[in-house]
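Remarks on the overall topology
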There are 2 protein chains.
Amino acid sequence: MNHIVDAQKLKKPVPQALLDELQTLFGSRQSTSMAMREHHGRDESSYDPMLPDAVVFAHTTEEVAAFVKLCSRYETPIIPYGAGTSLEGHILALQGGITIDLSQMNRVLAINPEDLTATVQAGVTRKQLNQEIKDTGLFFPIDPGADASLGGMASTRASGTNAVRYGTMKENTLTLTVVTADGNIIKTGTRAKKSSAGYDLTRVYVGSEGTLGIITEVTVRLYPQPEAISAAICSFPSVADAVNTVIQTIQVGVPLARVELLDENGVKALNAHDKLSLPVNPLLLFEFHGSENGVKEQAEVVQDIANDNNATGFEWATRPEDRTRLWTARHNAYFALLQLRPGARAISTDCCVPISRLAECVLETKADCEAQGLIHAIIGHVGDGNFHVQMMVDPNDPADIARAEGVNERMVARAISMDGTCTGEHGVGLHKMDFLVQEHGDGAIDVMRAIKHALDPKNIMNPGKILRWEH
Amino acid sequence: MNHIVDAQKLKKPVPQALLDELQTLFGSRQSTSMAMREHHGRDESSYDPMLPDAVVFAHTTEEVAAFVKLCSRYETPIIPYGAGTSLEGHILALQGGITIDLSQMNRVLAINPEDLTATVQAGVTRKQLNQEIKDTGLFFPIDPGADASLGGMASTRASGTNAVRYGTMKENTLTLTVVTADGNIIKTGTRAKKSSAGYDLTRVYVGSEGTLGIITEVTVRLYPQPEAISAAICSFPSVADAVNTVIQTIQVGVPLARVELLDENGVKALNAHDKLSLPVNPLLLFEFHGSENGVKEQAEVVQDIANDNNATGFEWATRPEDRTRLWTARHNAYFALLQLRPGARAISTDCCVPISRLAECVLETKADCEAQGLIHAIIGHVGDGNFHVQMMVDPNDPADIARAEGVNERMVARAISMDGTCTGEHGVGLHKMDFLVQEHGDGAIDVMRAIKHALDPKNIMNPGKILRWEH
């Protein structure tokens, strides 16, 4: 991780004159207190904290623009901050600078039920949005584990358990309001469902992790709440049988809403944390959305395919409270898994491969964890070929951490060799910068770097993340 | 259209030395014959031809890279050419230069049925791909009117009648092989279904109309052929009733595979051209994909909603040959409409608005056509809020052309005022450059221009399209 050391060397003190000017603009919404800096200097990654020099809370896009103009004048690094739930070090103040916290930009600006769209300020979280639209009969499907902000979710191209049916933030972001690195306010698109009008700026900023501009407003697609929902679980003697069930289900065109794989360690952790009694074997957790008949029909097809693949214990959860219990447990998996080794820190990583290679990739990665003696679990959005490995390490044992990082490196190399990607939904942050080069090759990285240089010529937007500035 | 005149002034003769070097590389696959130049100097737009100085036929990505390196050295404009079916002047050699024809790059490179992906050379057409995969039980849904090449479809972010269910080239392109403006070969992604690994280069090139690089290979998503398909048509007393039917259908979550609106002029033209006897009223043409029961259930819901909106003559087309006849007629609409005024040239345009504004946008545009005395028809991918206006004008009557261009300008202004876009699927080309600025605003256009300058610093990639080079 030489790039971290290299980038930290570029740290310069923030000029007092800038802090004074920000004080005039933001008053008590600017802070240099240690508590505030510490709170904003960590995320859910395994890195030690890296503190910004100050924190500012914005309320409007115009305030963000004024802030960026000032920081640009003083060439001071800017780190956008949403809910602080990123997993790869995205929000750490690698070179110091000022964190702009958007969590108070939490207003839903417009709901357009006829068009199935909503426009929100960047700090609105996914749960808040769903709460505010619940009377419209619509919902917003994208659900990373944490209750992340929509701005943060757009920035990391987040997805979650529903992506197999509804897509990721890439597909579901219609337009953004962005403050560019020179403090201009732009809109990247319209509320039209599709467009061929010029370069796709929305997709340039979605997934750019704050390195090209600051997302201040997001317009997303909504979906009708399905007439009927049902869930099912079943166990398999092997991960391969589980994955084959999913491949065959997708190939016959069953529109699965969700399908999650838990390995036996994941099942154990959920049982303990959420007082469940799931059989301790590789397990698939399905959800079906559709009409009453449609859901039934889908589930029957899946049950047949699962049986052909040696499934046992096919069980229905048709009551909403049973479904909620299962999915809440799934969403709390991060914390449940931490309990597999009290006092440990989690090194959490993800990758995504073509689904035909998924079983192989999961099994080899699992064997590697076991060979390294790591306490771990694998949980996957298996319909997308995307899985997570969470390894519980002793934060004071460098050898333990090194073993986990070794597993991560080999998993990424494996995924790339299978024509997959080094991260399906967590993003690059600090942790996967070297892997990005491995995946894309120098030529494509040069194109990314040309875009970074063109849109942030002073390198003030979340510097040192995704890409090295220099070749 | 001052930008056309301005750009044409930049035309320079192609150096003989370049032609000589290309001759060595391409032999008889290079041509400067007038017939070849004329064939490549026109598309399906209403512009007069603009001829390239030479045409080269490439067979491999490596040849394209060698070609670009040479043209870059001589700073000579490059125009990529697929099937020649673009509608807005994309392939016209505004500043002369050399057209690189990719139609002979027509090999399907890989079909991965388990992963639902196929990788093709850029010159493979959509019909060819569907022919080659038909035994896999899969299909590729995107269907612009013409039998376009996959490279061209990616370049214009094309869609068609299935987009309401399956998305556009934006959603369905997994990865591209691109030759950059300096002749490097890059891959923009992997075959993983989703990724958060850095800037989304695939979406940077999709829709960039050859102005940032040349797409030489495309990996697309495929879908299982539905177990059952049915189609239905019904007539409405007004366009508003038809559009309201679609809005309500989408809001209850019926997963329409296709839903097309034809106004009464469109119906007349199809009746005449394809020997149909559809009732001459605004008409919706539906298609449903799913299980046998699912399709039936969807259609029943739609029929109820249509009846509530004054539909008449709800008719089923369950026999494949009847469905094929209807959809073939729909795909031939461009030519059918031309017959509404023999000897005329078509000025064809499209826009896309949030669906809640669609009826209003269609009706006002239609009224404008009528006020101008234009022979016209409106046909729409109404589930996406996207519609086409085709106006048949006398190519020798400047006043007639001006009337049609006036309708187009007002339609675009109307769409933009409704938070819509100046083009849903045709692209910008030459024809919509001014509208692009109107839609996005100077700030966003500056960002697009910064990307163009960064990725094509010599302005050789399809110059003078999408954006003006200078602010």
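Model, not experiment: these values are computed from the prediction.

Residues and elements named next belong to chain B. Strand order across the open sheet formed by 4 strands is E1-E2-E4-E3, with mixed pairing between neighbours. Strands with a single pairing partner mark the edges of an open sheet, and in this sheet they are strand E1 (30-31) and strand E3 (78-81). Seen against the sheet, helix H4 (residues 61-73) touches strand E2 (54-57), E3 and strand E4 (98-101) and runs at an angle of roughly 175 degrees to E4.

The two copies are related by a screw motion: chain A maps onto chain B through a turn of 180 degrees and a shift of 0.0 Å along the axis, at an RMSD of 0.0 Å. The transformation relating the two chain copies, once decomposed into turn and shift, fits a two-fold axis. Looking at chain A, 100% of its interface residues are interface residues in chain B too, so the copies touch through the same face.

Moving on: H4 of chain B. A turn of α-helix holds 3.6 residues, and therefore any two residues three or four places apart point the same way. Spanning 13 residues, H4 of chain B covers 18 Å between terminal C-alpha atoms, matching the ideal 18 Å at 1.5 Å per step. Listed in full, the buried residues belonging to H4 of chain B are Thr61, Glu63, Val64, Ala65, Phe67, Val68, Leu70, Cys71 and Ser72 of chain B.

Another aspect to go through is the side chain of His426 of chain B. Among the secondary structure elements, His426 of chain B is positioned in the loop between helix H16 (398-417) and helix H17 (433-455). Note on His426 of chain B: relative accessible area 8%, which makes it buried. Side-chain polar atoms of His426 of chain B contact the side chain of His388 of chain B, separated by 3.0 Å. What His426 of chain B contacts, discounting residues up to four positions off in sequence, is Ser196 of chain A together with Leu87, Glu88, His90, Thr156, Ser348, Thr349, Asp350 and His388 of chain B.

Another aspect to go through is unusual backbone geometry. Residues and elements named next belong to chain A. Despite not being glycine, Arg157 has its phi angle at roughly 55 degrees, a positive value. With respect to the helices and strands, Arg157 occurs in the loop between helix H6 (150-155) and helix H7 (163-166). Despite not being glycine, Asn462 has its phi angle at roughly 45 degrees, a positive value. Under the relative-accessibility criterion, Asn462 is labelled buried at 2%.

Moving on: the pairing of E4 of chain B. Residues and elements named next belong to chain B. Burial along E4 is two-sided: Ile98 and Ile100 and Thr99 and Asp101, pointing in opposite directions, are all buried. Both E2 and E4 contribute to a ladder of 4 bridges, which runs parallel. Within E4, the position partnered with Val56 by the bridge is Ile100. When E3 meets E4, the two strands line up parallel, connected through 4 bridges.

Attention now moves to the pattern of salt bridges. Applying the stated criterion across every chain yields a total of 62 salt bridges over all chains. Residue Lys432 of chain A pairs with Asp350 of chain A through a salt bridge whose shortest N-O separation is 3.8 Å. With a gap of 82 residues between them, Lys432 of chain A in the loop between helix H16 (398-417) and helix H17 (433-455) and Asp350 of chain A in strand E16 (residues 345-352) connect regions that are remote in the sequence. Among the residues examined, Lys432 of chain A registers a relative accessible area of 0% and is labelled buried. Using a relative accessible area of 0% as the deciding quantity, one classes Asp350 of chain A as buried. Ionic pairing is found between Asp384 of chain A and Lys194 of chain B, a salt bridge with its closest N-O pair at 3.5 Å. Note that Asp384 of chain A is positioned in the loop between strand E17 (375-381) and strand E18 (386-393) and Lys194 of chain B in the loop between strand E9 (185-187) and helix H9 (201-205), a pairing that runs across two chains. Since its relative accessible area comes to 5%, Lys194 of chain B is described here as buried. Here the salt bridges share partners, and the residues they tie into one network are Asp115, Lys187 and Arg191 of chain A together with Asp419 of chain B.

One frequently used descriptor of interface size is the decrease in accessible area upon assembly of the parts. All names here are of chain A. When its domains are assigned, chain A resolves into domain 1 (2-104 + 450-455), domain 2 (108-224) and domain 3 (227-429). Here the C-alpha centre of domain 3 lies 26 Å away from the C-alpha centre of domain 2. Domain 2 puts 17 residues into the contact, and the matching count from domain 3 is 20 residues. Of the roughly 1,300 Å² buried at the junction of domain 2 and domain 3 (both faces included), carbon and sulfur atoms supply 44%.

Calculation notes
Residues numbered from 1 in each chain as written. Chains lettered and ligands numbered in written order. Predicted model: local features only at pLDDT ≥ 70, side-chain atom pairs only at ≥ 80, totals over all residues. Heavy atoms only, no water. Pairing = 2+ DSSP bridges. Helix = DSSP H or I, 4+ residues; strand = E, 2+ residues; numbered from the N terminus. Contact = heavy atoms within 4.5 Å. Axes fitted to C-alpha atoms, helices over the stretch in contact; angles between N-to-C directions. Least-squares fit on C-alpha atoms with pLDDT ≥ 70 in both. Expected span 1.5 Å × (residues − 1). Buried < 20%, exposed > 50% of the residue type's maximum accessible area, 1.4 Å probe, protein only. Polar contact = N/O pair within 3.5 Å; in protein donor to acceptor, adjacent residues only side chain to side chain. Salt bridge = Lys/Arg side-chain N within 4 Å of Asp/Glu carboxyl O. Domains from an automatic or database assignment. Buried area = accessible area lost by both parts, 1.4 Å probe.

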